Amino acid sequence: MSTEQCCNSSCCFFCAMKQQDLSLRQAEIASCFKEMPLKDGQEHVLVLSSLWNMAMTQPDDPEFSSLGIFNCMASLIQKGINDKSWLLTDQNIYIPYYAAHIIGSYTMNKVEFAEKAVESGVIRPLMDLLRGKITWIEQRVAVRALGHLASYERTFSAVAEYEQELVELTVELASTCLDTVYANFVKDSDKRLKYHSELLTRGIGGIDMENRKAEEWASQTQCWSVYLLNCFACKERCLDLICKQEFLKDLCDMWGGLLNHSSPAGIGLIRILCYSKFGRMRIADCKEIINNLCNLSRSSDDWQYMGIDCLVLLLKDQETRYKVIEIATLFLVDIVELKRLGERTNVGEAITKALLLDYKQSNKLNIKNKNVLKILQEIRVLKVDRKRREKLMLSEEKAAEKRVLVGLIKQQAKKLFWHGDLEAALVKYDEALKTCPLRLRKDRMAIHSNKAQCHLLLGDADAAISESTRALSLSNPANSHRKSLWRRSQAYDIKGLAKESLMDCIVFVNLCINTKRVKLIPYYAARMISKQMEATWLFAGAKSKALSGVQEEDGNDEHSQKYEEIMMRIMMEKKGLSTIKEESFAGKEGSKRKVNMARKGRTAFVAESM
C-alpha cells in the first residue's frame, strides 16, 4: 500500500507527517492518534508499521509521546482483544503486536515516557496480552513492555498493582514459552499462522528464516520474562512465587545461548535471588541450581563470574554455607588461583576467603566429607602458608634455580608420557608442581594442562576438567590457553555437559583463528561444535517433551540439521564466533567452500610443549 492511498482519509497520518508547519503537524498527528481507535481503516496497519519502525530507530524522540501515542496504542490493543470480528478484518490482526511493541520501544530508555504510558492506561491491555488473550507473539511484546515499565522506580508501583497475577503469569511464560513456540510454530510448518510468519520475517526470506527468527523470538520471550521477574526480585517482592523449586530448576536451563548473548537470563535472576536471605535459603535447597552454578564457575561462559558470585554469597551466609560447601569446594578449588576475570580483580582471593571463612575454628566445621576437609587444607597450604613462605624466603635467584629444576622434571615426565606410562608421568608432573614457585604461573599452567591430557587419555574426565580449569585460571587473560580449552571441551563432552563443551570449543576456535599460525577452523573443533550445537539446540527440550518417546519425525531432524549447518557457516565465513553472540546468518559462499575448509583442518593437540 502506498502512502498516497491513505489520503482519502479525513485524517491521514502520512500527510500530517509531511506538514511543514510544526504546530499544524503536531495538531494533525494528535488528531490522528485520537481518531484511529474510533475508525475502521485499512491504513491502520501501514501507520502502525511505520510507527513501529520509528520507535525502533528513534526510541528517545519525545514528539509522539507528547501527542497521545500511548492512549492510541492502548485503545487499539483493547479493541483487538474485545472485538474479534474487527481483529480478523483486513490486516488488523497485526495491530495489537505493533501497538505493544511501540509501547515497549518508547518506554525502553526514558522514565518520562514510561510515566506517560502508565497515565495513558497501557498496563491493563498489556496484561490482557500477557494473559494469552491472543497468541504467544503478542505475549512476547507485552512482557517486554511491562518489563521496561517495571524497571523504573516511578512506574513500578503501577505495574505492582497486578503483582501476584503478573509474577505468576511471567513465571509460567518463562517456563513454557519454548514449548509453546515449538508446538505452535516450529514443529509443523504447514500449520503456522500466516501473520506470525510475516511478522517474524517482515515478508523477507523463506522457511529457514522463519525457523531462525522463531528461535530468536522464543529466546527473547524467555529472557524478557526473566528480566521482568528481576524487577520484582530486586525489591524482594513475590520471592515465594519466584523461588518455587520447580521454577528454580527451570532457571538452570535458561542461558540465552548463542541467540541472546546480551542477557544473563536464568543465572542473572539466580544471582539477584542470592542477595536476599530468603532467596539464598531456597537456592541452597535446590541441588540442580548448585550443580549448575558449580559447572558455570568452571566454564568459559561470559557469565562465569555470576556463578562464582552466587557460590561466594551462599558460602558467606552461615545458614546456607554448610548446605553447599561440600559440593562447591570440589569445584571452586580449581579456580582459587584466578586473578582477574574481565574487570574483576582478586577473584581467587575472594573465593579462598569464602571457603576458609571459619577454617581456624575447627569446632564450627560441620563437614562430614573427609575429601572436602582435605581439599580445604590444600587450599590453605597453597593460598596462605606456601604463598607467605615463598614471599619471605624465595629470592629471584632461587626462583630461577627452581625453574631449571622444574624444567628437568618436566622432561622426565615428557619421556614417560611418550612411552605410554601415563600414571608415572602424572607422578612426575605432581613433583614439578610442588617444586615450581607460585609466581611462575606460566610454567604451572603448562604442567596442569599436561596433567589434563594424561587424565583425558586415561579416561578420567573429572580429573581432566579439574586440571584444565586450573591451567585456564593461571592463563593470562583467564580462559585463554588454547590447549587447555580443547582438552576441557573434550572432557565435558565425555561427561555429557554439552553447553560447557560448546562454550570451551567456541572460545578455542576464536583463539585459533586470532593467531597467525592457524587460518582455518580445525576440523576436529568444527565437528565438536556441530555435535554440541545439536545437543544445545534451543528447542531440544521442547522437542523431547513433544515426542514423549515417539520416534522422531524426519522433518524435525531436518530442521535440527539445518540449524547446525547455518551456525557452522557462520564459523567458516565470519572466521570466528564469540562466546555468546548472535551474528548474521547471511552466507556469501556455498557449502563446497565449507567442506573444503573443513578437510584442511588440523589434527588434535597432544601434550603441552611435548
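Computed from a prediction, not measured in an experiment: that's the story for all the values here. (Residues numbered from 1 in each chain as written. Predicted model: local features only at pLDDT ≥ 70, side-chain atom pairs only at ≥ 80, totals over all residues. Heavy atoms only, no water.)

Some remarks on the overall build of the chain
Turning to step 1, where the next piece is worked out: For the chain, the count of helices and strands is 32 helices and two strands.
Turning to step 2, where the next piece is worked out: The buried share of the chain, taken over its 610 residues, is 56%.
Turning to step 3, where the next piece is worked out: Summed over all atoms, the accessible surface of the chain reaches about 27700 Å², with 49% contributed by carbon and sulfur. (Helix = DSSP H or I, 4+ residues; strand = E, 2+ residues; numbered from the N terminus. Buried < 20%, exposed > 50% of the residue type's maximum accessible area, 1.4 Å probe, protein only. Areas by Shrake-Rupley, 256 points an atom, 1.4 Å probe, with all protein chains shown as cover.)

Focus: the packing of aromatic side chains
Turning to step 1, where the next piece is worked out: Going through the model one piece at a time under the given rule, you end up with 18 aromatic pairs.
Turning to step 2, where the next piece is worked out: For the pair Tyr-182 and Phe-539, a centre-to-centre distance of 6.0 Å together with 40 degrees between the ring planes defines the contact as tilted. Placement of the pair is Tyr-182 in helix α11 (residues 163-186) and Phe-539 in the loop between α29 (523-535) and α30 (540-547), with a sequence separation of 357 residues. Like Phe-539, Tyr-182 is buried.
Turning to step 3, where the next piece is worked out: Here a set of aromatic residues connected by ring pairs shows up, and it is made of Phe-13, Phe-14, Phe-33 and Phe-64.
Turning to step 4, where the next piece is worked out: Against the face of Trp-224 rests Arg-144, its NZ or CZ located 5.6 Å from the ring centre.
Turning to step 5, where the next piece is worked out: One residue, Arg-192, lies across the ring of Phe-185, its end atom 4.2 Å from the ring centre. (Phe/Tyr/Trp six-rings, centres within 6.5 Å; stacked < 30°, edge-to-face > 60°. Lys NZ or Arg CZ within 6 Å of the ring centre and 35° of its normal.)

Section: a nonpolar patch on the surface
Turning to step 1, where the next piece is worked out: Judged by side-chain polarity, Val-404, Leu-405 and Leu-408 come together as a nonpolar surface patch covering roughly 280 Å² of accessible area.
Turning to step 2, where the next piece is worked out: Here Val-404 shows up in helix α23 (residues 396-418).
Turning to step 3, where the next piece is worked out: Relative accessible area serves as the criterion here: at 54%, Val-404 is assigned to the exposed category. (Patch = residues over 30% accessible without salt bridge, like charges linked within 9 Å, V, L, I, M, F, W, Y side chains within 5 Å. Salt bridge = Lys/Arg side-chain N within 4 Å of Asp/Glu carboxyl O.)

A word on the confidence of the model for the chain
Turning to step 1, where the next piece is worked out: Confidence in the prediction of the chain, expressed as mean pLDDT, is 87, and 86% of residues score 70 or more.
Turning to step 2, where the next piece is worked out: Note on residues 1-6: pLDDT is under 50 here. Beyond four places in sequence and across chains, it has 11 contacts. (pLDDT = per-residue confidence, 0-100. Contact = heavy atoms within 4.5 Å.)

Thoughts on the pattern of salt bridges
Turning to step 1, where the next piece is worked out: What the rule picks out here adds up to 37 salt bridges.
Turning to step 2, where the next piece is worked out: Note that Lys-383 is salt-bridged to Glu-349, the shortest N-O span being 3.0 Å. In this pair, Lys-383 is assigned in helix α22 (residues 370-393) and Glu-349 in helix α21 (residues 347-355), connecting sequence segments 34 residues apart.
Turning to step 3, where the next piece is worked out: Judged by its relative accessible area of 26%, Glu-349 falls in the partly exposed class.
Turning to step 4, where the next piece is worked out: Three or more residues joined by partner-sharing salt bridges are found here, namely Asp-128, Arg-131, Lys-133 and Glu-165.

A short note on the packing of α23 against helix α24 (residues 422-435)
Turning to step 1, where the next piece is worked out: In contact at an axis separation of 8 Å, α23 and α24 are set at 170 degrees when each is read in the N-to-C sense. Between α23 and α24, the angle falls in the class roughly antiparallel. On α24, the residues touching Lys-402, Leu-405, Val-406, Ile-409, Lys-410, Gln-412, Ala-413, Lys-414, Leu-416 and Phe-417 of α23 are Leu-422, Ala-424, Ala-425, Lys-428, Tyr-429, Glu-431, Ala-432 and Thr-435. (Axes fitted to C-alpha atoms, helices over the stretch in contact; angles between N-to-C directions. Parallel < 35°, antiparallel > 145°, perpendicular 65-115°, else oblique.)

A word on the nonpolar core
Turning to step 1, where the next piece is worked out: Phe-13, Leu-51, Met-73 and Leu-126 are the most contacted members of the largest nonpolar core, which has 148 residues in total.
Turning to step 2, where the next piece is worked out: No other element matches α11, which puts 11 residues into this core.
Turning to step 3, where the next piece is worked out: For Phe-13, the residues in contact, after removing those within four places along its chain, are Ile-29, Cys-32, Phe-33, Val-47, Leu-51, Met-54 and Phe-64.
Turning to step 4, where the next piece is worked out: Listed in part, the 21 residues of the second largest apolar core include Leu-502, Met-503, Cys-512 and Met-533. (Core = buried A, V, L, I, M, F, W, Y, C linked by side-chain atoms within 4.5 Å.)

As for the environment of Cys-15
Turning to step 1, where the next piece is worked out: Its location among the elements puts Cys-15 in helix α1 (residues 13-18).
Turning to step 2, where the next piece is worked out: Put simply, Cys-15 and Ile-29 are 14 residues apart on the chain and 9.2 Å apart in space, counted from C-alpha to C-alpha.

Observations concerning the packing of α11 against helix α13 (residues 207-233)
Turning to step 1, where the next piece is worked out: The geometry of α11 relative to α13 is characterised by a closest axis approach of 9 Å and an angle of 170 degrees between their N-to-C directions. The pairing of α11 with α13 is recorded here as roughly antiparallel in orientation. Residues Glu-163, Leu-166, Val-167, Thr-170, Val-171, Leu-173, Ala-174, Cys-177, Leu-178, Val-181, Phe-185 and Val-186 of α11 touch α13, and the partners they reach there are Glu-210, Ala-214, Ala-218, Ser-219, Thr-221, Gln-222, Ser-225, Leu-228, Leu-229 and Phe-232.
Turning to step 2, where the next piece is worked out: Each residue belonging to the contact of α11 with α13 can be placed in one class, and the counts come to 15 nonpolar, five polar and two charged. (Nonpolar A, V, L, I, M, F, W, Y, C, P; charged D, E, K, R; others polar.)

Things to note about the environment of Glu-215
Turning to step 1, where the next piece is worked out: Relative to the helices and strands, Glu-215 is located in helix α13.
Turning to step 2, where the next piece is worked out: When the C-alpha positions of Glu-215 and Val-181 are compared, they lie 8.4 Å apart, and in sequence the two are 34 residues distant.
Turning to step 3, where the next piece is worked out: A polar contact of 3.4 Å, which involves the side chain of Glu-215, links it to the side chain of Trp-537. (Polar contact = N/O pair within 3.5 Å; in protein donor to acceptor, adjacent residues only side chain to side chain.)

What about unusual backbone geometry?
It is generally the case that most residues other than glycine have a negative phi and that most peptide bonds are trans.
Turning to step 1, where the next piece is worked out: Following Asn-476, the chain continues to Pro-477 via a peptide bond in cis, the omega torsion being 0 degrees.
Turning to step 2, where the next piece is worked out: Note that Pro-477 resides in the loop between α26 (461-474) and α27 (482-495).
Turning to step 3, where the next piece is worked out: The backbone phi angle of Glu-236 is positive, close to 55 degrees, even though this residue is not glycine.
Turning to step 4, where the next piece is worked out: Positioned with a positive phi, Asn-346 is a non-glycine residue whose angle comes to about 55 degrees.
Turning to step 5, where the next piece is worked out: Position of Asn-346 relative to the elements: it lies in the loop between β2 (344-345) and α21.
Turning to step 6, where the next piece is worked out: With relative accessibility at 51%, the residue Asn-346 sits in the exposed group.

What to know about the environment of Asn-109
Turning to step 1, where the next piece is worked out: Mapped onto the secondary structure, Asn-109 falls in the loop between α6 (95-106) and α7 (111-119).
Turning to step 2, where the next piece is worked out: Separated by 50 residues in sequence, Asn-109 and Pro-59 place their C-alpha atoms 7.4 Å apart.
Turning to step 3, where the next piece is worked out: In this view, Asn-109 contacts Pro-59, Asp-60 and Tyr-152; residues no more than four positions away in its chain are not counted.
Turning to step 4, where the next piece is worked out: At a separation of 3.2 Å, a polar atom in the side chain of Asn-109 contacts the side chain of Asp-60.

Thoughts on α11
Turning to step 1, where the next piece is worked out: Taking 1.5 Å per residue as the helical rise, α11 with its 24 residues ought to reach 34 Å, and the 32 Å between its terminal C-alpha atoms agrees with that figure.
Turning to step 2, where the next piece is worked out: Roughly 55 degrees is the biggest bend found in α11, and it falls at Thr-176. (Expected span 1.5 Å × (residues − 1). Bend = angle between axes of the 7 residues up to and from the residue.)

So, the side chain of Arg-441
Turning to step 1, where the next piece is worked out: If you trace the backbone, Arg-441 turns up in helix α25 (residues 441-458).
Turning to step 2, where the next piece is worked out: Not counting the four nearest positions on each side in its chain, Arg-441 is found in contact with Glu-337, Lys-339, Ser-473 and Leu-474.

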